Amino acid sequence: MSSDSARFAPADTTDPIGPDEDPATFSDLGLRPELLDAITALGYEEPTPIQRAAIPPLLAGRDLLGQAATGTGKTAAFALPLLHRLPTTRTGEPVALVLVPTRELAVQVSEAIHRYGRDLGARVLPIYGGQPIGRQLRVLDGGVDVVVATPGRALDHIARGTLRLDQLDTVVLDEADEMLDMGFAEDIEAILRDVPEQRQTVLFSATMPDRIDGMARQHLRDPIRIAIGRQPAAGGETPLVRQVAYVVARAHKPAALGRVLDIESPTAAIVFCRSREEVDRLTETMNGRGYRAEALHGGMGQEQRDRVMGRLRTGTADLLVATDVAARGLDVEQLSHVINYDVPSAPESYVHRIGRVGRAGRQGVAITLAEPREHRMLKTIERITGQRISIDRVPTVADLRTRRLEMTRAALHESLLEDDLEPYRVIVETLTDEFDVMEVALAAVRLAHEAIGGPIDEEDIPQVPLRPERPAGGRGRRQGPGRARAAGMTCLFIGVGRRAGIRPQDLVGAITGETRVSGREIGAIEIADRFSLVEVPRSAATEVINRLRQTTIKGRRATVRRDREGGRDLAE
Ligand code: AMP
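These remarks concern the structure in this document. (Residues numbered from 1 in each chain as written. Predicted model: local features only at pLDDT ≥ 70, side-chain atom pairs only at ≥ 80, totals over all residues. Heavy atoms only, no water.)

Observations concerning the sheet that holds strand β10 (residues 293-296)
Keep this limit in mind: When DSSP finds at least two bridges between two strands, those strands are taken to pair. Counting from the N terminus, the helices are the DSSP runs of H or I reaching at least four residues and the strands are the DSSP runs of E reaching at least two. A fitted line through C-alpha atoms serves as each axis, taken over the contacting stretch for helices, and the angle formed by two N-to-C directions is quoted from 0 to 180°. Here, residues are in contact when the closest pair of their heavy atoms is within 4.5 Å.
Strands sit in the order β10-β11-β9-β12-β13-β8-β14 across an open sheet of 7 strands; the sheet is parallel. Here the strands that pair on one side only, and so sit at the sheet edges, are β10 and β14 (390-392). Sheet twist, expressed as the average angle between the axes of neighbouring strands with direction ignored, equals 25°. Pairing between strand β12 (residues 337-340) and strand β13 (residues 364-370): 4 bridges, direction parallel. Following the sheet pairing, valine 338 is matched in β13 by alanine 366. Packing of helix α12 (residues 276-288) onto the sheet brings it into contact with β9 (269-272), β10 and β11 (319-322), and relative to β10 it is tilted by some 170°.

Below, the structure is given as structure tokens:
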């Protein structure tokens, strides 16, 4: 592991979750074969830190108090042990009750338990307010092993005698802080009064305010405590990594990824997914969308891996799609972008992932596609790394159009300055017999534009706020879709590009080496075949232009100027 990624070693905690300990496999955890089969089918390669820490004590019957947000894999951390403990002969009365704050979570957790418990024939039922009670009654009547419920509706059923708790072996309080925030404290107390004394109790909460501690003291017996380190990074140099998150619904992720790639034009990017299945699916989707993506799997042989890496190095592939396991030990020199297709399951893996860019003083970009419900995990990551992740708006079709027109205009401008255009004069002269010069120019621009840009997708990607699923009356803070592109930046045209071997880090190096501007102040960088566009703070633009004009970039002297005459800004 490089020193870059070790910089953010998480702090010690009561029961620390090691950042990169020798990873136990799921079978090392002692789970039954039916569960291992289900996990393999889902493409999980190894347990997440919270699973590694929680599963063994839960299998041993201990109570557990865990601090973990959505996105850490906490659902499997409690679901696998409770499924493991399912008795072979079942009475039809539930043996496990999972309490969750919202309807969405009830459905989601219930689906997850159903998937994990597939081969065990586990019967799982979500019950929540707003759903016709009749259906819930029928299913409960037919026999259920695990109930996932919001507290209010669970209590309704208990009062009617339709949800019987005598056989309960496990109670899970998931997102306990949210449940308290939503005013479910009394309902939870009432439910816990009704459950058997002899049971296992598991409490997960993203935060640990005193009220949660009190609740744990009252209802948990000598619990194992698991927490994720909170202390910010210990000193040291902060890497030059621009960190951005886009909030986007799952269904729109492939399109959003494509847009972000178009706007960012990475030299080489790695996209991290949680499972092999996702790696395969995404690789196929991105290739279908015209990107050159390669999958990298834990299961691949060394030779196959080398081939894939070779294609990335030579530029035959633009994107590497990989799981954490597969990417372990990877060293791609020219990597400019790390993209988290999902919020990573542990802050440590975020830190490891982004440690792959921004090395040796170069600028790197870390992009995260977060689902609205994953905001907590983003906040935890910010806290642990001590760095801000700015939430940006997914580029719109209009943004892409503007960007592409800008690139075309800059390419034409460059050609006007530098190319020998004489051979084409005859074409213009013959056409102007019939058409106006302006019309001829417009047709030529259109052809150039299409040749440079390719087709643009028109897909509608709705801008979603963080956490939209909170029911009306919930007390959570809503956040807007985030800020637009940074203001106060000026876009510079630099007349060297990919053909001269220019990479973002070369431009960053030249600018930071020659001026007062630091790497962090540099905005978007785009590299076209024969020129580049770089955003710098407006206040420093003149200095950057003057200094770069006096120096060479990768041994070449380049035209440097504001991207548009009059210095129009990208942010306008
Ligand atoms: P959760 O934090 O429980 O909401 O889980 C977040 C996501 O991680 C879900 O989509 C799970 O399917 C996925 N997940 C959970 N455990 C693993 C694992 N060990 N490997 C890969 N993905 C996982």
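So, next bit.
A few points about unusual backbone geometry
For aspartate 222, which is not a glycine, the phi torsion comes out positive at approximately 40°. Along the chain, aspartate 222 falls in the loop between α10 (210-219) and β7 (224-226). Even without being a glycine, lysine 554 presents a positive backbone phi close to 50°. Relative to the assigned elements, lysine 554 resides in the loop between α21 (541-549) and β18 (560-562).

Overview of α10
In an α-helix, one turn spans 3.6 residues; hence positions three or four apart end up facing the same way. Which entries qualify depends on this criterion: Summary of the burial criterion: residues with accessible area below 20% of their type's maximum are buried, those above 50% are exposed, and those between are partly exposed, where the area comes from a 1.4 Å probe applied to protein chains only. To be clear, the arc concerns the directions from the helix axis to the C-beta atoms.
For α10, the set of buried residues is Ile212, Met215, Ala216 and His219. When α10 is viewed along its axis, its buried side chains cluster within an angular range of 100° and face the same direction. Pointing more than 90 degrees away from the buried face of α10 are the exposed residues Asp210, Arg217 and Gln218.

Quick word on empty space enclosed by the protein
Operational definition: Think of a 1 Å grid over the protein atoms and nothing else: a 1.4 Å probe that fits but is trapped marks a cavity, an open set flanked by protein within 12 Å on at least five of seven lines marks a pocket, and residues with an atom within 4 Å of a point count as lining. Grid points are joined across faces, edges and corners, and a volume is the space filled by probe spheres set on the points. Residue classes follow a fixed rule: Ala, Val, Leu, Ile, Met, Phe, Trp, Tyr, Cys and Pro count as nonpolar, while Asp, Glu, Lys and Arg count as charged, and any other residue, Gly among them, counts as polar.
If you walk through the whole model with that rule in mind, you get 3 cavities of 30 Å³ or more. Approximately 90 Å³ is the volume found for the largest cavity. What lines the largest cavity is simply Arg242, Glu264, Ser265, Ser336, His337, Gln363, Gly364, Val365, Pro504, Gly523, Ala524 and Ile525. Considered class by class, the residues forming the lining of the largest cavity number 4 nonpolar, 6 polar and 2 charged. Computed from the structure, the second largest cavity encloses a volume of approximately 60 Å³. Along the wall of the second largest cavity there are 12 residues; nearest its centre are Ala69, Thr70, Glu175, Ala206 and Arg376. Considered class by class, the residues forming the lining of the second largest cavity number 4 nonpolar, 2 polar and 6 charged.

Looking at the pairing of β10
Quick note on the threshold: Think of it like this: strands point away, you trace from the first strand over the helix to the second, and a clockwise trace means the crossover is right-handed.
With burial as the criterion, each face of β10 is covered, one bearing Ala293 and Ala295 and the other bearing Glu294 and Leu296. The pairing of β10 with β11 spans 4 bridges and is classified as parallel. When the sheet's bridge partners are listed, leucine 296 is paired in β11 with alanine 322. This β-α-β element, β10 to helix α13 (residues 302-313) to β11, shows right-handed connectivity.

Description of the site of the ligand
Formally: Consider each residue's heavy atoms; a residue with any of them within 4 Å of a molecule or strand counts as near. In protein, a polar contact means a hydrogen-donor-capable atom and an acceptor-capable atom, both N or O and within 3.5 Å, with residues adjacent in sequence counting only if both atoms are side-chain atoms; elsewhere, any N or O pair within 3.5 Å suffices. Values of accessible area rely on a 1.4 Å probe in the Shrake-Rupley scheme; residue burial ignores everything except the protein chains shown.
Around the ligand there are 14 residues in total, and Tyr44, Gln51, Gly71, Gly73 and Thr75 lie nearest to it. Contact between the ligand and lysine 74: an oxygen atom at 3.3 Å from a main-chain N or O atom of the residue. Arginine 274 is positioned with one of its side-chain polar atoms (N or O) 3.4 Å from an oxygen atom of the ligand. When the ligand sits alone it has 500 Å² of accessible area, and the protein chains cover 86% of it. Partitioned by chemical class, the residues of the shell around the ligand number 3 nonpolar, 7 polar and 4 charged.

Purely geometric numbers; function is a separate question.
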